[in-house]
Amino acid sequence: MLGIAGATCWAEVHTQPSVFSINSDNVIEIDGKKVFPIGFTLGPAPGAKAPDGREGLAVIADAGGLLIRTGPHGDNNHWDEATIEAEKKWEEAAARNGMYCMPWLHELAEIRDGESAKAAKLKRILDLFRNNPGLGYWKGADEPEWGKLPVAALKTAYDIIKQQDPNHPVWIVQAPRGTVETLRPYVDTYDIGGMDVYPVSVPAGVHSRGTNKEISMVGDFTKMMMETQQGEKPVTMTLQIAWSGVTKPGKKLVFPTPTQERFMAYEAIIDGARGLTFFGGQLPTTLNTRDRALGWNWTFWEHVLEPVMKEIGHGSPLEEALTAPDAKLPIRCDGPGMEFLARETPGALYILACKRQGNAIEARFSGLPANISHGKVMYEAERIVSVDHGTFTDSFGPFAVHVYRFAR
């Protein structure tokens, strides 16, 4: 089994349009191959360089990144001819680096009664890009429940998209607001749903109006989306590089630590996420002198995000577990604040476990098959845990994550 340094580069040039689909386990597939898609909002610009001189998108793809959000942004915040030309460059860059674009439809994501011109414009954008080798998802309306956007208008746009381009899903991100009841009506307007959750700030947790201000709110909101979608569609969660709550005037600029980012990524997965997106790598006020010249937060990438990507990104040693069905075994985990996920593949049983805030504990896992005697703790120098009659214990500090692989 490979360690972090052994993650394989899977990036390859896309020359033909791809078909994205969702299987019965809510796993996303590209041309029939299961993936755990990780995206970036936004990624390095087309042609922009990483510190090592390579194209930035190539560096992200080599670490297992698959998707980049594109479309209107910044001063060019609607679909016009300039946006179309920019999108062509993004899609070309994504395809040559083995990635896919998620163009934000922005004003075209909702079509109200009588807006025939807008509907025609949406159809034109779909026709321009639906067969592009660089196209992945269509990003629909942003945070529509919080913005009180009419469900019927989003559904009209969704129906147009699915009629004209059945090969690429519609992805919508909700704000960490509302309730399951208020979010539920939007499920019919997308194929992949998720929520953006940015807990790291001063004071902590200002992005949420809930009582939990710890980074474990990521798990709370993942569960909320899972309950909202009731197993009908995959959940992807958008996690923090940086956001407006740490970049606006008067705010303190803070970033997630390596421990925080790793915990948030794994907790989202443990609680049901079938994909992740990382937001804020391009925000100008977050960039140091070196990164400002390159246009992206490579310092955060090098110190925090790249190590996480190499554990869970496309082509990682863990991808077979991240795209597998949940294990149908009576596995339990006893210990306060523990969360875990068990997945089975033909060759192994995986358990991903994390500890929310609180004191360090010894957690007890039980219900493993009786013929398993030991397992490896991935990404921890191949540490071994012994299993006795289907049971093992391990230590967890606050926000610790352990990933176990038991060969079958």
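What you see is a predicted model; the values in this text were computed from it and never measured. (Residues numbered from 1 in each chain as written. Predicted model: local features only at pLDDT ≥ 70, side-chain atom pairs only at ≥ 80, totals over all residues. Heavy atoms only, no water.)

## Here's the deal with the sheet that holds strand β2 (residues 28–30)
Okay, step 1: Strand order across the open sheet formed by 3 strands is β1-β2-β3, with antiparallel pairing between neighbours. Here the strands that pair on one side only, and so sit at the sheet edges, are β1 (20–22) and β3 (33–35). Here the average twist between neighbouring strands, direction ignored, is 40°.
Okay, step 2: Looking at chain direction, β2 and β3 are connected through 3 bridges and run antiparallel. For I30, the partnering residue across the bridge sits in β3 and is K33. (Pairing = 2+ DSSP bridges. Helix = DSSP H or I, 4+ residues; strand = E, 2+ residues; numbered from the N terminus. Axes fitted to C-alpha atoms, helices over the stretch in contact; angles between N-to-C directions.)

## Considerations on the sheet that holds strand β9 (residues 192–196)
Okay, step 1: Strands sit in the order β6-β5-β4-β11-β10-β9-β8-β7 across an open sheet of 8 strands; the sheet is parallel. The strands lining the two open edges of the sheet, one partner per strand, are β6 (100–103) and β7 (138–142). When the angles between neighbouring strand axes are averaged without regard to direction, this sheet yields 25°.
Okay, step 2: Two elements, strand β4 (residues 38–41) and strand β11 (residues 276–279), share 4 bridges in a ladder whose sense is parallel. Bridge pairing in β11 places I38 opposite L276.
Okay, step 3: Lying on the sheet, helix α2 (residues 81–96) is in contact with β5 (67–70) and β6; it crosses β6 at an angle near 150°. (Contact = heavy atoms within 4.5 Å.)

## Considerations on the layout of surface pockets
Okay, step 1: Here the largest pocket defines a volume of roughly 630 Å³.
Okay, step 2: Taken together, 29 residues line the largest pocket, and the ones lying closest to its centre are D142, E143, D196, Y198 and F279.
Okay, step 3: Mapped by element, the contributors of at least two residues to the lining of the largest pocket are β7, β8 (170–174) and α7 (244–247).
Okay, step 4: Its residues assigned to classes, the lining of the largest pocket comprises 12 nonpolar, 8 polar and 9 charged. (1 Å grid on protein atoms, 1.4 Å probe; cavity = no way out; pocket = protein on both sides within 12 Å on 5 of 7 lines; lining within 4 Å. Points joined across faces, edges and corners; volume = space filled by probe spheres on them. Nonpolar A, V, L, I, M, F, W, Y, C, P; charged D, E, K, R; others polar.)

## A short note on the nonpolar core
Okay, step 1: Of all hydrophobic cores here, the largest spans 93 residues; its most connected members are F40, M237, L276, W301, I312 and L318.
Okay, step 2: Among the elements that make up this core, the one with the highest residue count is helix α10 (residues 298–312) (8 residues).
Okay, step 3: Beyond its immediate chain neighbours, meaning those up to four positions away, I312 contacts F36, I38, A265, Y266, I269, L276, L318 and L322.
Okay, step 4: With 21 residues, the next largest nonpolar core counts A327, I331, C333 and V385 among its residues. (Core = buried A, V, L, I, M, F, W, Y, C linked by side-chain atoms within 4.5 Å. Buried < 20%, exposed > 50% of the residue type's maximum accessible area, 1.4 Å probe, protein only.)

## Some thoughts on empty space enclosed by the protein
Okay, step 1: This model, assessed by the stated rule, comprises 2 cavities of 30 Å³ or more.
Okay, step 2: Computed from the structure, the largest cavity encloses a volume of approximately 50 Å³.
Okay, step 3: Taken together, L105, A109, G140, A141, L154, A157, Y158, I161, V170, I172 and T189 form the lining of the largest cavity.
Okay, step 4: Of all the secondary structure elements, the ones that give two or more residues to the lining of the largest cavity are β7, α4 (151–164) and β8.

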